[in-house]
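Architecture at a glance
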Amino acid sequence: NSYDPQGNLDLFKMIVASKHVNRIFLSPTMKKNLCKHAKSSGLMEDELTLETLHRLRPLEKHTTHFHIRMICPVGSQAVCDDQEEPPAGTGC
(Lines give C-alpha, C1' and ligand atoms only; values in the text may rest on other atoms or scores of the structure.)
Protein backbone atom coordinates (compact mmCIF):
# COMPACT_ATOMS: atom_id res chain seq x y z
CA ASN A 1 0.00 0.00 0.00
CA SER A 2 2.92 2.35 0.53
CA TYR A 3 4.46 1.80 -2.93
CA ASP A 4 5.08 5.16 -4.59
CA PRO A 5 5.93 4.69 -8.28
CA GLN A 6 6.73 8.37 -8.88
CA GLY A 7 8.91 8.54 -5.77
CA ASN A 8 10.81 5.43 -6.84
CA LEU A 9 11.19 6.71 -10.40
CA ASP A 10 12.43 10.07 -9.09
CA LEU A 11 15.04 8.30 -6.94
CA PHE A 12 16.28 6.21 -9.87
CA LYS A 13 16.32 9.26 -12.15
CA MET A 14 18.48 11.13 -9.62
CA ILE A 15 20.91 8.20 -9.49
CA VAL A 16 21.09 7.89 -13.30
CA ALA A 17 21.50 11.67 -13.71
CA SER A 18 24.84 11.38 -11.88
CA LYS A 19 26.24 9.80 -15.09
CA HIS A 20 28.16 7.26 -12.96
CA VAL A 21 25.72 4.36 -13.34
CA ASN A 22 25.81 1.54 -15.88
CA ARG A 23 22.88 -0.51 -14.55
CA ILE A 24 20.46 -0.72 -11.67
CA PHE A 25 19.19 -4.22 -10.92
CA LEU A 26 15.68 -4.42 -9.48
CA SER A 27 12.77 -6.85 -9.41
CA PRO A 28 10.99 -7.59 -12.70
CA THR A 29 7.69 -6.57 -11.06
CA MET A 30 9.06 -3.17 -10.07
CA LYS A 31 10.45 -2.61 -13.58
CA LYS A 32 7.01 -3.42 -15.06
CA ASN A 33 5.31 -1.09 -12.58
CA LEU A 34 7.71 1.76 -13.34
CA CYS A 35 7.22 1.30 -17.10
CA LYS A 36 3.44 1.29 -16.63
CA HIS A 37 3.63 4.43 -14.48
CA ALA A 38 5.89 6.25 -16.96
CA LYS A 39 3.54 5.42 -19.85
CA SER A 40 0.35 6.36 -18.03
CA SER A 41 1.88 9.60 -16.71
CA GLY A 42 3.11 10.80 -20.10
CA LEU A 43 6.77 10.51 -19.06
CA MET A 44 7.92 8.49 -22.07
CA GLU A 45 8.87 11.74 -23.83
CA ASP A 46 11.28 12.79 -21.06
CA GLU A 47 14.93 12.00 -21.92
CA LEU A 48 15.99 11.31 -18.34
CA THR A 49 13.03 8.97 -17.82
CA LEU A 50 13.96 7.05 -20.98
CA GLU A 51 17.62 6.85 -19.92
CA THR A 52 16.59 5.69 -16.45
CA LEU A 53 14.29 2.97 -17.80
CA HIS A 54 17.14 1.92 -20.13
CA ARG A 55 19.45 1.43 -17.13
CA LEU A 56 16.86 -0.33 -14.93
CA ARG A 57 17.46 -4.04 -15.49
CA PRO A 58 15.02 -6.61 -14.10
CA LEU A 59 16.62 -9.43 -12.14
CA GLU A 60 14.99 -12.08 -9.96
CA LYS A 61 15.59 -12.08 -6.18
CA HIS A 62 15.58 -8.27 -5.94
CA THR A 63 12.13 -7.78 -4.42
CA THR A 64 13.40 -6.07 -1.27
CA HIS A 65 16.44 -4.21 -2.58
CA PHE A 66 18.26 -3.02 -5.68
CA HIS A 67 21.90 -3.04 -6.79
CA ILE A 68 23.72 -0.29 -8.63
CA ARG A 69 26.51 -1.16 -11.03
CA MET A 70 28.74 1.89 -11.38
CA ILE A 71 30.94 2.75 -14.36
CA CYS A 72 34.70 2.66 -13.78
CA PRO A 73 36.23 5.95 -12.64
CA VAL A 74 38.44 7.72 -15.16
CA GLY A 75 42.00 6.43 -14.95
CA SER A 76 41.05 3.11 -13.33
CA GLN A 77 41.11 0.96 -16.47
CA ALA A 78 44.10 -1.02 -15.17
CA VAL A 79 42.03 -2.34 -12.26
CA CYS A 80 38.43 -1.90 -13.42
CA ASP A 81 36.58 -3.30 -16.43
CA ASP A 82 33.45 -1.45 -17.55
CA GLN A 83 30.46 -3.57 -18.41
CA GLU A 84 28.97 -3.22 -21.89
CA GLU A 85 26.10 -0.77 -22.25
CA PRO A 86 22.65 -2.26 -21.62
CA PRO A 87 20.69 -3.23 -24.72
CA ALA A 88 19.10 -0.31 -26.58
CA GLY A 89 15.64 0.89 -25.60
CA THR A 90 13.76 1.15 -22.35
CA GLY A 91 12.99 -2.52 -21.91
CA CYS A 92 9.35 -1.69 -21.25
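Here, every reference points to the structure presented above.
Residues numbered from 1 in each chain as written. Predicted model: local features only at pLDDT ≥ 70, side-chain atom pairs only at ≥ 80, totals over all residues. Heavy atoms only, no water.

**Some words on the overall build of the protein chain**
Of regular secondary structure, the protein chain possesses three helices and three strands. For the protein chain, the N- to C-terminal ordering of α and β elements is α-β-α-α-β-β. Once the C-alpha set of the protein chain is aligned to its principal axes, its extents read approximately 45 × 30 × 20 Å. Taking all contacts inside the protein chain whose residues are at least 6 apart in sequence as the whole, residues at least 24 apart take part in 80%. As displayed, the protein chain has an accessible area near 6,100 Å², and 55% of this comes from carbon and sulfur atoms. If you average the places of the 11 positive and of the 11 negative side-chain charges in the protein chain, the two averages end up 7 Å apart. (Helix = DSSP H or I, 4+ residues; strand = E, 2+ residues; numbered from the N terminus. Contact = heavy atoms within 4.5 Å. Areas by Shrake-Rupley, 256 points an atom, 1.4 Å probe, with all protein chains shown as cover. Lys, Arg positive; Asp, Glu negative; His and termini not counted. Charge placed at Lys NZ, Arg CZ, Asp CG, Glu CD.)

**As for the pairing of strand S1 (residues 21-26)**
S1 sits mainly inside the fold: six of its six residues count as buried. Note: S1 against strand S3 (residues 67-70), four bridges, orientation antiparallel. In the strand pairing of S3, Ile 24 is matched with Ile 68. As paired elements, S1 and strand S2 (residues 56-58) share three bridges and run parallel to each other. Paired with Leu 26 across the bridge in S2 is Pro 58. (Buried < 20%, exposed > 50% of the residue type's maximum accessible area, 1.4 Å probe, protein only. Pairing = 2+ DSSP bridges.)

**Notes on helix H2 (residues 28-40)**
Relative to the 18 Å expected for 13 residues at 1.5 Å per residue, H2 spans 18 Å between its end C-alpha atoms, a close match to the ideal helical length. Along H2, the residues classified as buried are Met 30, Lys 31, Leu 34, Cys 35, His 37 and Ala 38. The arc that holds every buried residue of H2, seen down its axis, measures 165 degrees, which confines them to one face. The exposed residues of H2 that point more than 90 degrees off its buried face are Thr 29, Lys 32, Lys 36 and Ser 40. Elements in contact with the buried residues of H2: helix H1 (5-17), S1, helix H3 (47-55) and S2. Directly after H2, the chain includes Gly 42, whose backbone phi takes a positive value near 70 degrees. (Expected span 1.5 Å × (residues − 1). Arc of directions from axis to C-beta.)

**Comments concerning the side chain of His 62**
Following the sequence through the fold, His 62 ends up in the loop between S2 and S3. Setting aside residues up to four positions removed in sequence, His 62 forms contacts with Phe 25, Leu 26, Ser 27 and His 67.

**Notes on the packing of H1 against H3**
Following both chains from N to C, one finds H1 and H3 inclined at 90 degrees, their axes separated by 9 Å at the closest point. When the axis of H1 is compared with that of H3, the two are roughly perpendicular. Touching Leu 9, Phe 12, Lys 13, Val 16 and Ala 17 of H1 are Leu 48, Thr 49, Glu 51, Thr 52 and Arg 55, all from H3. Taken together, the residues that form the contact of H1 with H3 break down as five nonpolar, two polar and three charged. (Axes fitted to C-alpha atoms, helices over the stretch in contact; angles between N-to-C directions. Parallel < 35°, antiparallel > 145°, perpendicular 65-115°, else oblique. Nonpolar A, V, L, I, M, F, W, Y, C, P; charged D, E, K, R; others polar.)

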